[in-house]
Amino acid sequence: MATPTRPATTGTAKRPRDDTRLALLFILPALIGFLVFLLWPTLRGIYLSFTKFNLLTPSRWTGLDNYVRMVEDPVFWNALGVTVYYVVVNIGIQTVLALIIAVLMQRLTRKTWLRGLVLTPYLVSNVVAALVFLWILDYQLGIGNKVLELLGLDRVAFLADSAWVIPTVALINVWRHVGYTALLIFAGLQTIPRPCTRPAAWTAPPSCACSGASRCRCCGPSPPSC
């Protein structure tokens, strides 16, 4: 019995198109901006940190003198402590809230309009967000302090009191960026296989058939060999 043969192909196979040059053309403007406005100033600033320099005289090499003065300056340590405090409050609260929002979107709904609503604060410019919260948190006329008065609480100088200003600025930043962080986490959750996100799949059975081997490898503590 004759076996069927594959028909011969005519002509040469098309080579995959190389878009490297086109990609470099699109990347070039951003690359130039990165080199001119970020990389070069950074390298120049590192060099100048080892010199004594002003705009009227040429730079003079001083080695580590500037860093020694910085370490001995109490203002530097205060600024470092304030920065660490801000980062811990900002990143900690933002990550926890973003994770909760992402899990809720994953479990309850995946509607596009809801994702757009979550991302809306991130689309607000820094200037607009600053002006809005300056009005809301104003000590005299701010609606935030009006609400506190209605609740029988004292007014709070959110942006003037040293005890309140760092948490206030951090929470404003959380409001603005938590939606973007939540969507990043939500996109990561989309890559996890569905059976592995269900509580019933967290504990694999002692044995499984070959058809369920992939599930056991994904979710089971010690998958058997099929």
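Figured I'd write up the structure that's included with this text. (Residues numbered from 1 in each chain as written. Predicted model: local features only at pLDDT ≥ 70, side-chain atom pairs only at ≥ 80, totals over all residues. Heavy atoms only, no water.)

### Things to note about the packing of helix α4 (residues 112–123) against helix α7 (residues 165–190)
- Contact geometry for α4 and α7: axes closest at 5 Å, N-to-C directions at 135°. By the angle between their axes, α4 is oblique relative to α7. Once α4 is placed against α7, the crossing between them reads as left-handed. Residue-level inspection shows Arg115, Val118, Leu119, Pro121 and Tyr122 of α4 in contact with α7, the latter providing Trp175, Arg176, His177, Gly179, Tyr180, Ala182, Leu183 and Phe186. (Axes fitted to C-alpha atoms, helices over the stretch in contact; angles between N-to-C directions. Helix = DSSP H or I, 4+ residues; strand = E, 2+ residues; numbered from the N terminus. Parallel < 35°, antiparallel > 145°, perpendicular 65-115°, else oblique. Left-handed = near helix turned anticlockwise from the far one by under 90°. Contact = heavy atoms within 4.5 Å.)

### Looking at the packing of aromatic side chains
- Tallied over the entire structure, the rule returns seven aromatic pairs.
- Each ring, one from Phe76 and one from Trp77, has its centre 5.0 Å from the other, and the planes form 70°; the classification is edge-to-face.
- For Trp77, a relative accessible area of 46% translates into the label partly exposed.
- For the ring pair Phe133 and Trp175, a centre distance of 5.2 Å and an interplane angle of 70° mean the geometry is edge-to-face. (Phe/Tyr/Trp six-rings, centres within 6.5 Å; stacked < 30°, edge-to-face > 60°. Buried < 20%, exposed > 50% of the residue type's maximum accessible area, 1.4 Å probe, protein only.)

### Description of the environment of Gln106
- Tracing the backbone through its elements, the reader meets Gln106 in helix α3 (residues 74–107).
- Classification of Gln106 by relative accessible area gives buried; the value is 10%.
- Gln106 sits 79 residues away from Ile185 along the chain, and the two C-alpha atoms are 9.9 Å apart.
- Apart from the residues lying within four places of it in its own chain, the contact partners of Gln106 are Phe186, Leu189 and Gln190.

### Here's the deal with the nonpolar core
- By size, the foremost hydrophobic cluster in this structure holds 10 residues: Ala98, Ala102, Met105, Val118, Val174, Val178, Ala182, Leu183, Phe186 and Leu189.
- Secondary-structure elements contributing two or more residues to this core are α3 and α7.
- Once you skip the residues sitting within four places of it in the chain, Ala102 turns out to touch Ala182, Ile185, Phe186 and Leu189.
- The next biggest cluster of nonpolar side chains, apart from the first, holds five residues, and it includes Leu137, Leu148, Val156 and Phe158. (Core = buried A, V, L, I, M, F, W, Y, C linked by side-chain atoms within 4.5 Å.)

### Examining the pattern of salt bridges
- Under the definition given, this model contains one salt bridge.
- Among the ionic pairs, Glu149 bridges to Arg155, the shortest N-O distance being 2.8 Å.
- Note on Glu149: relative accessible area 40%, which makes it partly exposed.
- For Arg155, a relative accessible area of 22% corresponds to the partly exposed category. (Salt bridge = Lys/Arg side-chain N within 4 Å of Asp/Glu carboxyl O.)

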